[in-house]
Amino acid sequence: MQELSVRHLLGIKDITPQDIQLIFETADNFKDVLNRPIKKVPSLRDITIANVFFENSTRTRLSFELAEKRLSADVINFSSSSSSVKKGETLLDTVNNILAMKVDMIVMRHSSPGAPHFLSKHIPANIVNAGDGTHEHPTQALLDSFSIRERLGEVAGKKVVIIGDILHSRVALSNIFALQKQGAEVMVCGPSTLLPKYIKQLGVKVELDVRKALAWCDVANVLRIQLERQQMKYFPSLREYTLYYGIDKKMLDSLDKEIVLMHPGPINRGVELSSDAADSHHSIILNQVENGVAIRMAVLYLLAQKG
Ligand code: CP
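Here is what the cut-offs are and how they apply
Residues numbered from 1 in each chain as written. Predicted model: local features only at pLDDT ≥ 70, side-chain atom pairs only at ≥ 80, totals over all residues. Heavy atoms only, no water. Domains from an automatic or database assignment. Contact = heavy atoms within 4.5 Å. Buried area = accessible area lost by both parts, 1.4 Å probe. Salt bridge = Lys/Arg side-chain N within 4 Å of Asp/Glu carboxyl O. Near = heavy atom within 4 Å. Polar contact = N/O pair within 3.5 Å; in protein donor to acceptor, adjacent residues only side chain to side chain. Areas by Shrake-Rupley, 256 points an atom, 1.4 Å probe, with all protein chains shown as cover. Nonpolar A, V, L, I, M, F, W, Y, C, P; charged D, E, K, R; others polar. Phe/Tyr/Trp six-rings, centres within 6.5 Å; stacked < 30°, edge-to-face > 60°. Helix = DSSP H or I, 4+ residues; strand = E, 2+ residues; numbered from the N terminus. Buried < 20%, exposed > 50% of the residue type's maximum accessible area, 1.4 Å probe, protein only. Lys NZ or Arg CZ within 6 Å of the ring centre and 35° of its normal. Pairing = 2+ DSSP bridges. Axes fitted to C-alpha atoms, helices over the stretch in contact; angles between N-to-C directions. Parallel < 35°, antiparallel > 145°, perpendicular 65-115°, else oblique. Left-handed = near helix turned anticlockwise from the far one by under 90°. Core = buried A, V, L, I, M, F, W, Y, C linked by side-chain atoms within 4.5 Å.

(A) Representation of the domain arrangement of the chain. Domain assignment breaks the chain into domain 1 (12-137 + 290-306) and domain 2 (138-288). Relative to domain 2, the C-alpha centre of domain 1 lies at a distance of 25 Å. Facing the 32 residues of domain 1 at the interface are 29 residues of domain 2. In total, domain 1 and domain 2 occlude about 2,600 Å² of area from one another, counting both sides; carbon and sulfur atoms represent 59% of this. Considering only the surface of domain 1 that becomes buried against domain 2, I12, F24 and H137 emerge as the three largest contributors, covering 27% of it. Run the count over domain 1 and domain 2 and you get three salt bridges. Of the charged contacts in the structure, one is a salt bridge between E55 and R170, with a shortest N-O distance of 3.1 Å.

Right, dumping it as structure tokens:
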């Protein structure tokens, strides 16, 4: 049986193109399961998974929980806002106490970049990074590429532009690594203040004009402006951002080709995307969410084989 090259999923940077293919082929099988009347398999019947979330989440937390339940794992959920973290307990103490209850795997979201990497050096359980600050969000990038593959047949050779707040985005970094490992061409587009200074060193194209970016691409992955992570003003106002970087259906319809429109969510409707664009036939935003469950089932199943 084929297996992953890693026993934790900390980031796309650490995995191989073969790992990505294996995850996709496994997710294809789980997607078939999810479309059956009985959407459940016994694959992780003896495994207990803790979803440990130190940051807010809708899609990722629910998608992991559903993936775990579809695999018949036992599931516990931890949210820092209602926990003893508020009384000063450390990350390591918190996780070690959870593991003492015979938990096998940790799915963690944390606001600090590197938090899951730190944990992986101190605990025996498998760890899945569900987003660490502005660093990586590997399962989001996997479900994004899986959705491109589903819509366009393959990722290799496709031109993908990531538009918006690249500076504060873990989705952008994981997508850049994932797309490049699969042979796609990657561009980033946004105001220069929201593009990291090192971005060209990652081998991506850079475009400041969103209309030129849309004319170039096969796929546009539009990101949210992460106001909660911004310590200063990177552009004069949201209205001005929308004026220069907001995408609406008229812009998409005016292109002389079809492009695929993506967004990891949550969408700020009327800021980076108009409602008529987000809900148009160009959009695969809800397909991304649907595919997230199959991708997370695949990741958890393959990591459980690594013990
Ligand atoms: N895409 C994503 O990570 O969404 P949530 O923050 O709702 O999990």
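(B) View of the site of the ligand. If you check the shell around the ligand, you find S57, T58, R59, T60, R109, H137, Q140, P264 and G265 and nothing else. For the ligand, an oxygen atom lies 2.9 Å from a polar atom in the side chain of R59. The contact in question runs from an oxygen atom of the ligand to an N or O atom on the side chain of R109, over 2.9 Å. When isolated, the ligand has an accessible area of 250 Å², and the protein chains bury 91% of it. Partitioning the shell around the ligand into residue classes produces one nonpolar, six polar and two charged.

(C) Highlighting the packing of aromatic side chains. Per the stated rule, a full pass over the model turns up four aromatic pairs. Ring geometry for F30 against Y301: centres 5.6 Å apart, planes inclined by 80°, an arrangement best described as edge-to-face. Linking F30 in helix α1 (residues 17-34) with Y301 in helix α11 (residues 285-306), this pair joins segments that are 271 residues apart in sequence. Take Y301: its relative accessible area is 22%, and that puts it in the partly exposed class. Taking 5.5 Å as the distance between ring centres and 25° as the angle between the ring planes, the aromatic pair formed by Y241 and Y245 counts as stacked. Here Y241 and its partner Y245 are both found in helix α8 (residues 238-245), four residues apart, which amounts to about one turn of the helix. We classify Y241 as buried; its relative accessible area is 2%. Residue classification places Y245 among the buried positions, given a relative accessible area of 10%. Taking the ring centre of F64 as reference, the NZ or CZ of R296 above it sits at 5.0 Å.

(D) Seen up close, unusual backbone geometry. A cis amide bond links G265 with the next residue in sequence, P266, at an omega value of -10°. Within the secondary structure, P266 sits in the loop between β9 (260-262) and α10 (275-278). The phi dihedral of S72 is positive, around 70°, even though this residue is not glycine. You can see S72 is positioned in the loop between α2 (59-70) and β2 (74-79). Phi is positive for K102, which is not a glycine, with a value near 65°.

(E) Region of interest: the sheet that holds strand β7 (residues 205-207). With parallel pairing, five strands are arranged side by side in an open sheet as β7-β6-β5-β8-β9. Two strands lie at the open edges of the sheet, namely β7 and β9, each paired on one side alone. Taken over all neighbouring pairs, the strand axes of this sheet differ in orientation by 20° on average, direction set aside. Here five bridges tie strand β5 (residues 159-163) to strand β6 (residues 185-189), and the two strands are oriented parallel to one another. Bridge assignment links V161 to a residue of β6, and that residue is M187.

(F) View of the packing of α2 against α11. In the contact formed by α2 and α11, the axes pass within 8 Å of each other and the chain directions differ by 55°. With respect to α11, the axis of α2 lies oblique. The interaxial crossing formed by α2 with α11 has right-handed handedness. Facing α2, whose interface residues are R59, T60, S63, F64, L66, A67, E68 and R70, α11 presents V289, G292, V293, R296, M297 and L300. Residue composition of the contact of α2 with α11, grouped by class: seven nonpolar, three polar and four charged.

(G) Representation of the nonpolar core within the structure. Formed by 43 residues in total, the largest nonpolar core has its most connected members in I23, L142, I295 and L300. Elements supplying a minimum of two residues to this core: α1, β1 (48-53), α2, β3 (105-110), β4 (126-132), α5 (138-152), α6 (170-181) and α11. No other element matches α11, which puts ten residues into this core. Lining this core are residues from two domains, each supplying at least three of them: domain 1 (12-137 + 290-306) and domain 2 (138-288). Leaving out residues up to four positions away in the same chain, L300 has contacts with L44, I49, F64, A67, E68, L71, M105, V107 and V128. Membership of the second largest hydrophobic core comes to 28 residues, among which are V161, M187, C189 and L214.

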